[in-house]
Amino acid sequence: MDSLHRVAHRGYSAIAPENTLPALTAGVLAGATFIEFDVRTTADGVPVVIHDRTVDRTTDGSGKVWELTLDEISGLDAGTWFSPAYAGIGVPQLTEVLDLLGPHDAELLLEIKPPATLEQVKNILGQVADAGLLGRTVVQSFDPAIVRLAGEVAPDVRRGLLRDGFDADQVEIAQELGISYCNPRMSSVLGSPGTVAALAGVGVSVMPWTANDAALWPGLVDAGVAGLITDHTGELTGWANSLVA
Ligand code: G3P
Ligand code: CA
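- In the annotation of an unreviewed UniProt entry, the protein chain is listed under the name GP-PDE domain-containing protein and assigned to Winogradskya humida.

## Some words on the coordination of the calcium ion (ligand 2)
Where a metal carries four tetrahedral donors, each ideal angle is 109.5 degrees; where it carries six octahedral donors, the ideal angles are 90 or 180 degrees.
Consideration 1: Protein coordination of the calcium ion (ligand 2) is provided by Glu-36 (OE), Asp-38 (OD) and Glu-111 (OE), with donor distances spanning 2.1 to 2.2 Å.
Consideration 2: Look at where the donors of the calcium ion (ligand 2) fall in the sequence and you get E-x1-D-x72-E. Taken as a pair, Glu-36 in strand S2 (residues 34-41) and Glu-111 in strand S4 (residues 107-112) lie far apart in primary sequence, 75 residues in all. Glu-111 matches Glu-36 in its accessibility class, with the two residues each being buried.

## Points about the UniProt feature "domain: GP-PDE" (unreviewed entry) in the protein chain
Consideration 1: Within this structure's numbering, the places UniProt gives as "domain: GP-PDE" (unreviewed entry) are residues 4-240.
Consideration 2: Split by type, residues 4-240 is 35% helix and 17% strand. Its first and last C-alpha atoms lie 7 Å apart.

## As for the site of ligand 1
Consideration 1: Around ligand 1, the neighbouring residues are His-9, Arg-10, Glu-36, Asp-38, His-51, Glu-111, Lys-113, Gln-140, Phe-142, Leu-162, Trp-209 and Ile-229.
Consideration 2: Here Glu-36 contributes a side-chain N or O atom positioned 2.7 Å from an oxygen atom of ligand 1.
Consideration 3: The side chain of His-51 places a nitrogen or oxygen atom 2.7 Å from an oxygen atom of ligand 1.
Consideration 4: Relative to its free-state accessible area of 290 Å², ligand 1 is covered by the protein chains to the extent of 92%.
Consideration 5: Along the lines of polarity and charge, the residues of the shell around ligand 1 split into four nonpolar, three polar and five charged.

Cut-off values and rules
Residues numbered from 1 in each chain as written. Chains lettered and ligands numbered in written order. Predicted model: local features only at pLDDT ≥ 70, side-chain atom pairs only at ≥ 80, totals over all residues. Heavy atoms only, no water. Donors = N, O, S within 2.8 Å, 3.2 Å for Na, K, Ca; no water. Helix = DSSP H or I, 4+ residues; strand = E, 2+ residues; numbered from the N terminus. Buried < 20%, exposed > 50% of the residue type's maximum accessible area, 1.4 Å probe, protein only. UniProt positions renumbered as here; feature names shortened; annotations may be inferred. Near = heavy atom within 4 Å. Polar contact = N/O pair within 3.5 Å; in protein donor to acceptor, adjacent residues only side chain to side chain. Areas by Shrake-Rupley, 256 points an atom, 1.4 Å probe, with all protein chains shown as cover. Nonpolar A, V, L, I, M, F, W, Y, C, P; charged D, E, K, R; others polar.

Here it is, written out as structure tokens:
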């Protein structure tokens with residue numbers, strides 16, 4: 001078996017507030033081979049790293065990300081909701097995340113959340129290119145239109161399609177989109193290992209989310225996944241190392 005990718009979902013989000021610089025750093029330190037994070041664009045056109053459509057759940061503010069300016073988002077506390085130990089930690093700009101991850105070996109699994117326009121996708125991938133990280137990045141989205149835009153903007157960048165469940169014609173869709181990864185909900189892999197094999201047959205790797213239950217990791221590996229996207233990076237690194245020891 002090729003070595004298993006260990007993907008830190010929103011950083012090492014079991015121990016630090018998701019999608020913040022401490023969580024991303026912790027993912028690197030815990031041995032992730034990919035750091036996953038979510039990108040949205042502010043009202044004034046700046047890519048920031050945050051999961052939800054609104055800032056309500058993960059900050060002390062409220063409102064939709066695309067209706068708030070960078071100044072407004074920069075003033076928010078994105079740490080206290082998780083623990084007072086992280087009080088004052090902010091929502092990072094994409095450029096800050098690229099600066100942080102650049103010197104490390106881990107690859108970037110950059111999810112572009114919808115809605116995203118062509119200009120926004122260009123701007124996001126332009127920042128990745130400026131940081132010299134396009135070759136170490138996989139761009140993924142649940143929205144096939146965004147996956148397609150990413151391919152138009154940066155034809156050489158590896159791309160992934162996120163799914164809740166595999167589509168009936170998943171292999172054909174993957175080939176049409178030209179993706180390298182098709183990443184579904186974990187239950188889809190366990191329920192449809194044949195699709196994992198069929199995708200592998202056309203060069204498409206599968207990394208399911210969110211694989212937090214360690215009891216399910218052996219079955220997922222047996223199903224042929226290339227990696228596991230988890231909140232529990234440290235535990236996954238320990239387990240994966242035990243497989244090759
Ligand atoms: O990378 C997989 C995973 O991040 C997709 O779901 O909602 O956590 O962005 P979500
Ligand atoms: Ca994500």
